[in-house]
Amino acid sequence: MIQERDIGRLLDAFYAEGPRQAPDWLLDDLQARVNTQAQRADWRVSLRSRYQPTWRLLLIAVMLGAVIIVGAALLQIGGRPRPRAGPEFPAPPCLLSDSCASGELTAGQHESTAFGTFGGKRHTLTFTVPDGWANVYDTDIEYMLRPRLDSQGNPLHVLTSPVIVDQQEPCTKTPKAGVGESPDDLVAYIASHPGLEVGTPQRISINGMSGQYIDVLGMKPDWTGTCTRYTDGQTVVLLMQREPGPFLWWMDSTEQTRFVFLDAGEGLTIGVVIDARIQELFQRLVDDQMRVVQTMSIAK
Amino acid sequence: MVEQDLVLAAQRGDGAAFVDLLRPRIDRLFALAHRILRDVDGAEDALQDALIVVWRDLRTLRDPTRFDAWLHRVVVRECIDDASRERRRMAKVRALPDVEPAAPDSLLTLADRDQIERGLKRLAPDQRAILALHHYAGFEPTEIAAILGIPPGTARSRLHRAHQAMRAALDADARLAVARGRSA
């Protein structure tokens, strides 16, 4: 009979035997699945997840209780609810649930489902992709496309109302005062940033939207800016969005990035970010992804 | 690039960074899942499901330095859930993973291994998980507490109860063997 004092020692020996190496296909399969599986935004309450922190469960309980009490009070006061006029535009079907991401896309023209809510109107993003692309994120303020078979997984980000961030430790999301929000303002700021090596800004016009793009090619060696909340080394923190959301774009010295800013009219600026973590891939990425960018239009 | 950068890049939707983050961890996670589930196919399925959950919910992780504890928590919870319900699995064509051969001077005899295997199958899935976290992964009760999101005292008492349950399971197995010997 195995004695109690020996159980720990025997379990140590027992567990030391057995498989120790995951099959190779596990990581390959994971790579393929993350290319088409959307992430949840951090500000969403995910009711489907089984991994809920206690504070979130309490908050949900309190909110549900408040809704029930207020609803009951309204029914008492007003009797049957009166019909109300519909909203000015159809609400996106999935703002408060999972992302509207479409997953794998067929070759051809597509449009966003949720992206583009601005000034009380929908500004649907329309674009054309060749075969092999996926939409992995689609919210009212952020849209993300990814070449489905790109093992490097470099996504193409499209966002509404980008603004420049004030880079101050510890990297809070604060807009930089005195910098405008037009494409010219944003590109001029990046072009004159003391920490960035940049290419020459270029004017661009895409389906009625005019703007500029600029390539960030590296970081100046003497730049000492940091953002220790996110990374240890040289960092330039550049973009956030006017609307509240999780987006904060910071760069480290390993990245090369193209920023495209377009004036979509009615005060709406669209930002497109093409980012390469492996610098040798930058030009190929830019060439491939700009072909998609060139097809983009905003329907008002 | 430091690991924290990879976590943050993955939170921004960078799938390659996410895979790079998992590459040095995948074998250990797979081995841990196997120690809890005692089944290769089950460990593969649980780990696949858990890693997709990790990717999907990664933006909800507020503190990137807590990534490892959170990752283990999701994987262990998935294993416990899988062990708690019957699952249908699609057969996969796959290479057999490397198996660490038993050392010639192993403490364990074949009979010991069979006895421990049967004993583990008598334990509740969460007891198997806590034993694997401690005896395979080498986590101390305070680390297990962080992974499972429970107080350290609770982790200590659960580990103690898992040892007791294991002993009881082994004793029951031994009594059964004696009874079989008598009836033979």
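Residues numbered from 1 in each chain as written. Chains lettered and ligands numbered in written order. Predicted model: local features only at pLDDT ≥ 70, side-chain atom pairs only at ≥ 80, totals over all residues. Heavy atoms only, no water.

## Topic: the packing of helix H3 (residues 26-37) of chain B against helix H7 (residues 125-136) of chain B
All names here are of chain B. The interhelical angle for the contact between H3 and H7, taken along N-to-C directions, is 135 degrees, at an axis separation of 8 Å. Comparing their axes, H7 and H3 come out oblique. As H3 runs across H7, the sense of the crossing is right-handed. The segment H3 lies against H7, with Arg28, Ala31, Leu32, Arg35, Ile36 and Leu37 engaging Pro125, Arg128, Ala129, Ala132, Leu133 and Tyr136. Looking at the contact of H3 with H7 residue by residue, the class counts come to nine nonpolar, no polar and three charged. (Axes fitted to C-alpha atoms, helices over the stretch in contact; angles between N-to-C directions. Helix = DSSP H or I, 4+ residues; strand = E, 2+ residues; numbered from the N terminus. Parallel < 35°, antiparallel > 145°, perpendicular 65-115°, else oblique. Left-handed = near helix turned anticlockwise from the far one by under 90°. Contact = heavy atoms within 4.5 Å. Nonpolar A, V, L, I, M, F, W, Y, C, P; charged D, E, K, R; others polar.)

## Some details on the sheet that holds strand S15 (residues 248-252) of chain A
Picture the strands of a sheet paired through backbone hydrogen bonds; they go either parallel or antiparallel. Residues and elements named next belong to chain A. Spatial strand order, S10-S14-S15: three strands in an open sheet with antiparallel pairing. Since the sheet does not close on itself, it has two edges, and those belong to strand S10 (162-164) and S15, each with one partner. Here the average twist between neighbouring strands, direction ignored, is 30 degrees. Summarising the sheet, S10 and strand S14 (residues 235-241) pair through three bridges and their orientation is antiparallel. When the sheet's bridge partners are listed, Pro162 is paired in S14 with Gln241. (Pairing = 2+ DSSP bridges.)

## Concerning the sheet that holds strand S18 (residues 297-299) of chain A
Residue and element names in this part refer to chain A. Taken in spatial order, the three strands of this open sheet run S3-S6-S18, and their pairing is antiparallel. Each edge of the sheet is formed by a strand with only one pairing partner; in this case those strands are strand S3 (108-111) and S18. On average, each strand axis in the sheet is tilted by 30 degrees relative to the strand beside it, whichever way the strands run. Alignment of strand S6 (residues 124-129) against S18, held across three bridges, turns out to be antiparallel. Among the inter-strand pairings, Leu125 is bridged to a residue of S18, identified as Ile298.

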